[in-house]
Amino acid sequence: MRVSIYLFREEAGDFEDLLRDFPDGARVPERRELSDGVDLDCEIWVMPQEPKPPMWAKYVSPLVEISDLKNANASVVVFFKVSGRFFAVCFGYAHSLLRGELLEPEFGLRVTANLADPLKVAAMQVRTLSENSRQQRSQTANKTRVAEFDLEVEREWLRYLKADISGGVDWASGVGGSQSLSLTTSEDLKSFPEILSSLLSEFRSDAYKEKFPYIDNFVPIPKGDPVQDELWEALISAIEDPEGRKVGVACPDDLVGADVAYWKIFGDRKRREPIEELTLQNVIEQLGNFGTNREKMKIIPLNSSDEAIRTKRNLSDYFVFEVDVAGETYALCLGQWFRISSDYVREINARVAELDDVTASLNLPAWRKGSEGEYNLATCQAQGHIHLDAKNFMIGGPHQKVEVCDFITREYDFVCVKKMEDSATMSHLFSQAAVSADLYSVNAVGRGVSSVGYADNVKSLYRDKWGSPDGVEGNRRMVLAIATDKPGPISKSLFFFSKVNLVQRAADLRKSGFRVGIAKIRR
């Protein structure tokens, strides 16, 4: 059989703490007494359902009498107390009966990682933790090692893992899990106290770090955790005074590319004008008393016909925030708080600090006004660079047309310019640079008017202006020039998830034969 198992946190003190609250008048679960002769420290609760016509009945009933056909989905949860901890073994939809804030958030994932054979992984699901969040699930027809899944597990939150069990376990054949553990076993429930005791030992073990060392990079914070109150207070404080804070707003990934005309914020009976541009400043101006009304405030995107193009969401889902509390780094993404491993933070910060900061040597002018295009053109005219902004190289394949960079210097620096608005903007900047470097390294041949090699085209432009690039081409460098009014160097002011992205893309750039530099443009 296959069962779903949940582990309650240590704060759960008794069986009566395990069920969620039910509103007055709602159907509630019923406790069933154990059969005679059963000696287990457990409670069994069932949620019977009234038989109802199946959903498809309304389509078939005009043709035939089927009023006697009814569906009923009963659910049952068996609560066990083992080694001082409470477990829920669920059948049907019984997980909906549990007190969610008391559940261990990564019980299933950690146990699976400890039990899994790393060479027989069947499925993985990851999510990028940024405002441009991407969720991806990958599975293989034949169980294999993690590297075959083509997922960036080092910089993404591993949400789900499924695999065969490694040798030495005879009470289960397969495991999968995130918060819950999906267990395939032939054992009956009377033997489950022993199985649950083994699972608890696996949950407490850190052996998984050898096989899946990145699992602890991002740990979700459950809603009942006391630190959440402090984190929400920190966000409210940052909203009230955002200067120097790593706080921003961004739409969820399902809205990227959508035809949003404006957003409406509501929930506290205050009349507001629609927001045409989703910026932190525009949102803050409409908030009112966000601290008091945080859980009430909603936001919804609409098109030009005043039609909702997505369902309403909590406004807090749109905030992106990073903060240090008691020596730990936390991040808010899509309404979920995460603790970022301190070792991982140190590793990423150190790798970013290793990048060459060429702000002084490049000496780019301040960007006080005007668009990005106007800034790039003015800079090239003032400093004599080769202007390439919006001059696309036509290429076949998935990219179609590519911007080499915004301008090239005499020293053969490929400079890509962007304002530091949010992680999504930074991601676009880093990706643009990586794609361009890759095409240069293979001298990809373009299409149409660009029917020459990518690198040959750049060298020709350089030759026309300054002569042969042979003396500098071997030291080519991709420079990520970021405009911001934040104090301090770029390496200190980037959002953490932008740093993670930068580290990955810097590695890609080096593989393409480029040195990597970062530069700050004063705003």
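Preceding this paragraph is the structure being described.
Attention here is on the structure that accompanies the text. This is a predicted model, so every value here is computed, not measured.

Reading guide: rules and limits
- Residues numbered from 1 in each chain as written.
- Predicted model: local features only at pLDDT ≥ 70, side-chain atom pairs only at ≥ 80, totals over all residues.
- Heavy atoms only, no water.
- Patch = residues over 30% accessible without salt bridge, like charges linked within 9 Å, V, L, I, M, F, W, Y side chains within 5 Å.
- Areas by Shrake-Rupley, 256 points an atom, 1.4 Å probe, with all protein chains shown as cover.
- Salt bridge = Lys/Arg side-chain N within 4 Å of Asp/Glu carboxyl O.
- Lys, Arg positive; Asp, Glu negative; His and termini not counted.
- Charge placed at Lys NZ, Arg CZ, Asp CG, Glu CD.
- Helix = DSSP H or I, 4+ residues; strand = E, 2+ residues; numbered from the N terminus.
- Buried < 20%, exposed > 50% of the residue type's maximum accessible area, 1.4 Å probe, protein only.
- Expected span 1.5 Å × (residues − 1).
- Arc of directions from axis to C-beta.
- Axes fitted to C-alpha atoms, helices over the stretch in contact; angles between N-to-C directions.
- Parallel < 35°, antiparallel > 145°, perpendicular 65-115°, else oblique.
- Left-handed = near helix turned anticlockwise from the far one by under 90°.
- Contact = heavy atoms within 4.5 Å.
- Pairing = 2+ DSSP bridges.
- Core = buried A, V, L, I, M, F, W, Y, C linked by side-chain atoms within 4.5 Å.
- Phe/Tyr/Trp six-rings, centres within 6.5 Å; stacked < 30°, edge-to-face > 60°.
- Lys NZ or Arg CZ within 6 Å of the ring centre and 35° of its normal.

## Considerations on a negative patch on the surface
Residues Glu240, Asp241, Glu243 and Asp485 make up a contiguous surface patch of negative charge. Summarising the element assignment, Glu243 is placed in the loop between helix 5 (227–240) and strand 12 (246–249). Overall, Glu243 belongs to the exposed group, its relative accessible area being 61%.

## Examining the pattern of salt bridges
Counting across every chain of the model gives 19 salt bridges. A salt bridge links Glu43 to Arg31, with the shortest nitrogen-to-oxygen separation between them at 3.5 Å. Of this pair, Glu43 sits in strand 3 (residues 42–47) while Arg31 sits in strand 2 (residues 30–32), and the two are 12 residues apart along the sequence. Judged by its relative accessible area of 12%, Glu43 falls in the buried class. Accessibility expressed as a relative area gives 43% for Arg31, which makes it partly exposed. Between Glu101 and Arg99 there is a salt bridge whose closest N-O contact spans 3.5 Å. Judged by relative accessible area, which is 35%, Glu101 ranks as partly exposed. Bridged by salt links that share partners, the residues Glu10, Arg85 and Glu104 form one connected network.

## Concerning helix 12 (residues 454–466)
Between its terminal C-alpha atoms helix 12 stretches 19 Å, which fits the 18 Å expected from 13 residues at 1.5 Å a residue. Listed as buried for helix 12 are Tyr454, Ala455, Val458, Tyr462 and Trp466. Looking straight down helix 12, one finds its buried side chains confined to an arc of 100°; they lie on one side. Directly after helix 12, the chain includes Gly467, whose backbone phi takes a positive value near 100°.

## Here's the deal with the packing of helix 8 (residues 342–353) against helix 15 (residues 496–511)
Contact geometry of helix 8 with helix 15 gives a least axis separation of 9 Å together with a crossing angle of 60°. By the angle between their axes, helix 8 is oblique relative to helix 15. In the packing of helix 8 onto helix 15, the handedness of the crossing is left-handed. Residues Tyr344, Val345, Ile348, Asn349, Arg351 and Val352 of helix 8 form the contact with helix 15, whose own contacting residues are Phe496, Lys499, Val500, Leu502 and Val503.

## Quick notes on the sheet that holds strand 20 (residues 386–387)
In space, the 6 strands of this open sheet follow the order 19-26-25-24-23-20, with mixed pairing throughout. The sheet is open, and its two edges are formed by strand 19 (356–357) and strand 20, each paired on a single side. As defined by bridge partners, strand 23 (residues 407–408) adjoins strand 24 (residues 413–419) across 2 bridges and the pair is classed as antiparallel. Directly across from Ile408, in strand 24, lies its bridge partner Phe414. This element, helix 15, spans strand 25 (477–484) and strand 26 (515–522) of the sheet and lies at about 130° to strand 26.

## Thoughts on the nonpolar core
In terms of nonpolar packing, the biggest core is built from 50 residues, with Phe414 and Phe496 touching the most fellow members. Those elements that provide at least two residues to this core are strand 18 (336–340), helix 8, strand 24, helix 11 (423–442), helix 12, strand 25, helix 15 and strand 26. Discounting chain neighbours no more than four positions away, the residues touching Phe496 are Phe218, Glu322, Ile340, Tyr344, Val345 and Ile348. Ile239, Val247, Tyr330 and Leu332 belong to the second-largest nonpolar core, a separate cluster that totals 33 residues.

## Some thoughts on the packing of aromatic side chains
Enumeration over the complete set of coordinates arrives at 22 aromatic pairs. With a centroid separation of 4.9 Å and an interplanar angle of 15°, the aromatic rings of Trp367 and Tyr375 are classed as stacked. For the pair Phe414 and Tyr440, a centre-to-centre distance of 5.6 Å together with 85° between the ring planes defines the contact as edge-to-face. Of this pair, Phe414 sits in strand 24 while Tyr440 sits in helix 11, and the two are 26 residues apart along the sequence. Among the residues examined, Tyr440 registers a relative accessible area of 4% and is labelled buried. Here the aromatic residues Tyr412, Phe414, Tyr440, Tyr462, Trp466 and Phe514 are joined through ring pairs into a cluster of three or more. For Arg294, the ring lying beneath its charged end belongs to Trp232, and the centroid distance is 3.9 Å. A cation sits over an aromatic face here: Arg523 above Trp367, 5.1 Å from the ring centre.

## Considering the sheet that holds strand 16 (residues 319–325)
In spatial order, the strands read 11-18-17-16-12; together these 5 strands make up an open sheet with antiparallel pairing. Whereas interior strands pair on both sides, the edge strands pair on one side only; in this sheet they are strand 11 (218–220) and strand 12. When the angles between neighbouring strand axes are averaged without regard to direction, this sheet yields 25°. Of the strand pairs in this sheet, strand 11 and strand 18 are connected by 3 bridges, and their pairing is antiparallel. Pairing of Pro220 across the sheet is with Phe338, part of strand 18. Packing of helix 6 (residues 280–287) onto the sheet brings it into contact with strand 12 and strand 16, and relative to strand 12 it is tilted by some 85°.

Everything listed here is a matter of geometry and, on its own, says nothing about what the molecule does.
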